[in-house]
Amino acid sequence: MRIGIIAGKSDEISLNKEINKKVPKKHHYYDYVHTDVGIAYTMKEKFPDVTVDVIMPSELSDKRLQKNDINYALGYDLINAINDDPYIRKFSGPQGIKKLDDIYFKKANKIFPSYEFLSFIWDKKKYLEHFKKNGIPVSPSLFIKGGVNQKQLLRTISLKKWNSFIIKPIGGTIAIGLGKFSIDDCKKDESLLKDYFDENNEYFKEYIVQELIKGFTEYGEIKSYWINGSFSYAVNTPGAKGPYELEYKVKEIIDKKVISKCEEIGKKVIACLPKVSFNRKKVLPALVRIDFSCCKDNKTHAPINYFVNEIESDIAGSYTNFENVKYPFMEVMADIYVKKTKELYPKL
């Protein structure tokens with residue numbers, strides 16, 4: 001059995017000192033071992049009969065991927081290339097992004113999750129509209145192109161009575177490209193929106209516009225982890241003020257009533273997600289992170305007012321680089337990826 005791990009994380013340091021000692025420098029990013037590589041080396045340790053191929057972003061190629069039975073995308077994908085996070089020369093710019101897209105698209109490259117599933121996860125417009133149709137609570141959203149008529153956009157937002165609003169690129173990670181605005185400020189100074197789009201249109205074509213939810217910062221997100229379709233653990237990130245994790249407070253202890261409501265919604269999300277097609281089988285993804293926020297329509301802080309803000313797949317941050325998050329993520333996922341491979345290849 002040959003399992004490829006597509007690595008590339010540069011912002012989630014592994015805290016497992018024993019595993020870290022066994023990782024050669026060529027698999028470090030910025031002199032550290034990150035959790036994607038940590039999972040790969042945990043797999044090597046626990047399953048000596050499995051060949052684990054750690055693939056750094058600059059090493060990605062059809063030839064390399066096709067040597068393996070399966071390749072799990074844990075640290076680098078199309079969204080990373082779009083945001084140059086990390087910067088990889090051969091995958092930078094429009095031609096580089098197309099080159100990476102072609103690699104992910106080819107079924108012969110045996111990347112898991114499949115391109116069809118990943119393209120669903122990558123497209124916030126697609127999954128938010130899908131969830132809304134399936135009765136899952138999401139924040140009301142406008143989807144616009146970069147060349148939108150800005151005066152008409154302000155009129156539409158005013159009719160929705162969103163006094164403050166955010167604009168975020170579709171395809172942007174964390175808070176890259178996030179803009180926060182108020183109707184009053186934009187009416188007084190027309191350059192605010194113009195400058196925002198002038199800055200971001202070079203990199204992005206579509207945007208999502210939503211009401212600014214005050215509870216997002218005050219109560220943070222509930223980031224819930226669903227492993228093989230089952231809820232496994234969650235963290236809370238109150239006080240988030242910027243795009244970098246160091247600015248978060250992270251807690252693993254969360255209000256039971258809130259978690260219960262998020263689990264209830266999360267089960268509906270898992271049920272309506274497209275299955276992953278691979279090796280003539282349709283299976284659940286190995287990992288889905290469902291992020292919940294409060295409070296929809298800026299209502300009171302209560303479990304009923306939580307909604308789905310975002311979803312991510314295996315590449316999602318685990319938050320286990322915070323000392324107070326004790327979930328054995330690397331050990332669990334090392335087991336899951338071997339089990340998933342056996343599920344897809346029963347004869348291996």
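Residues numbered from 1 in each chain as written. Predicted model: local features only at pLDDT ≥ 70, side-chain atom pairs only at ≥ 80, totals over all residues. Heavy atoms only, no water.

Colleague: Mind showing me how you'd approach the side chain of E211 here?
Modeller: Tracing the backbone shows E211 in strand β8 (residues 206-211). No salt bridge is formed by the buried E211; its nearest oppositely charged neighbour, K214, is found at 7.5 Å. Polar contacts involving the side chain of E211 include one to the side chain of N298, which spans 3.1 Å. (Helix = DSSP H or I, 4+ residues; strand = E, 2+ residues; numbered from the N terminus. Buried < 20%, exposed > 50% of the residue type's maximum accessible area, 1.4 Å probe, protein only. Lys, Arg positive; Asp, Glu negative; His and termini not counted. Salt bridge = Lys/Arg side-chain N within 4 Å of Asp/Glu carboxyl O. Polar contact = N/O pair within 3.5 Å; in protein donor to acceptor, adjacent residues only side chain to side chain.)

Colleague: What's the story with the sheet that holds strand β9 (residues 222-227) in this structure? I'm lost.
Modeller: The strands that make up a sheet are held in pairs by hydrogen bonds between backbone atoms, and each pair lies either parallel or antiparallel. One open sheet accounts for 4 strands, arranged β10-β9-β13-β14; its pairing is antiparallel. Here the strands that pair on one side only, and so sit at the sheet edges, are β10 (230-236) and β14 (307-312). Strand-to-strand, the axes of this sheet are offset by a mean angle of 25 degrees, without reference to chain direction. Summarising the sheet, β9 and β10 pair through 6 bridges and their orientation is antiparallel. Residue pairing for β10: K223 is matched across the bridge by V235. Packed onto the sheet, helix α12 (residues 256-272) meets β9, β10, β13 (287-293) and β14 and runs at close to 50 degrees relative to β9. In the packing of helix α13 (residues 329-344) onto the sheet, contacts are made with β9, β10 and β13, and the angle to β9 comes to roughly 35 degrees. (Pairing = 2+ DSSP bridges. Axes fitted to C-alpha atoms, helices over the stretch in contact; angles between N-to-C directions. Contact = heavy atoms within 4.5 Å.)

Colleague: Any chance you could explain α12 here in plain terms?
Modeller: Each full turn of the α-helix corresponds to 3.6 residues, which orients residues three or four apart in the same direction. Its 17 residues place the ends of α12 25 Å apart at the C-alpha level, agreeing with the 24 Å of an ideal helix rising 1.5 Å per residue. Listing the buried residues of α12 in full gives V258, I259, K261, C262, I265, G266, V269, I270 and C272. Packed against the buried residues of α12 are α7 (124-133), β9, β10, β13 and β14. The residue sitting at the N-terminus of α12 and contributing the capping side-chain oxygen is D255; that oxygen lies 2.8 Å from the backbone nitrogen of K257. (Expected span 1.5 Å × (residues − 1).)

Colleague: What should I look at first to understand the environment of E116 in this one?
Modeller: As for its position among the elements, E116 is in helix α6 (residues 115-122). Judged by relative accessible area, which is 44%, E116 ranks as partly exposed. Put simply, E116 and V269 are 153 residues apart on the chain and 17 Å apart in space, counted from C-alpha to C-alpha.

Colleague: Looking at this structure, I do not really get α7. What am I missing?
Modeller: Every buried residue of α7 is listed here: K124, Y127, L128 and F131. Axial view of α7: buried residues confined to an arc of 100 degrees, hence all on one face. In this fold, the buried residues of α7 make contact with α6, β5 (141-145), β8, α12 and β14. Where α7 begins, one side-chain oxygen reaches toward the backbone nitrogen of K125, 3.1 Å away; that side chain belongs to D123. Downstream of α7 by one or two residues, G135 has phi in the positive range, about 75 degrees. (Arc of directions from axis to C-beta.)

Colleague: Can you help me understand the packing of helix α5 (residues 93-105) against α6 in this one?
Modeller: Each pair of packed helices can be described by the angle between their axes along with the distance between the axes. Running from N to C, α5 and α6 cross one another at 130 degrees; their axes reach a closest spacing of 9 Å. Compared by their axis directions, α5 and α6 come out oblique. Contact residues: α5 offers D101, Y104 and F105, while α6 offers Y115, L118 and W122. Of the residues in the contact of α5 with α6, the class split is 5 nonpolar, no polar and 1 charged. (Parallel < 35°, antiparallel > 145°, perpendicular 65-115°, else oblique. Nonpolar A, V, L, I, M, F, W, Y, C, P; charged D, E, K, R; others polar.)

On their own, these measurements won't tell you what the molecule is for.
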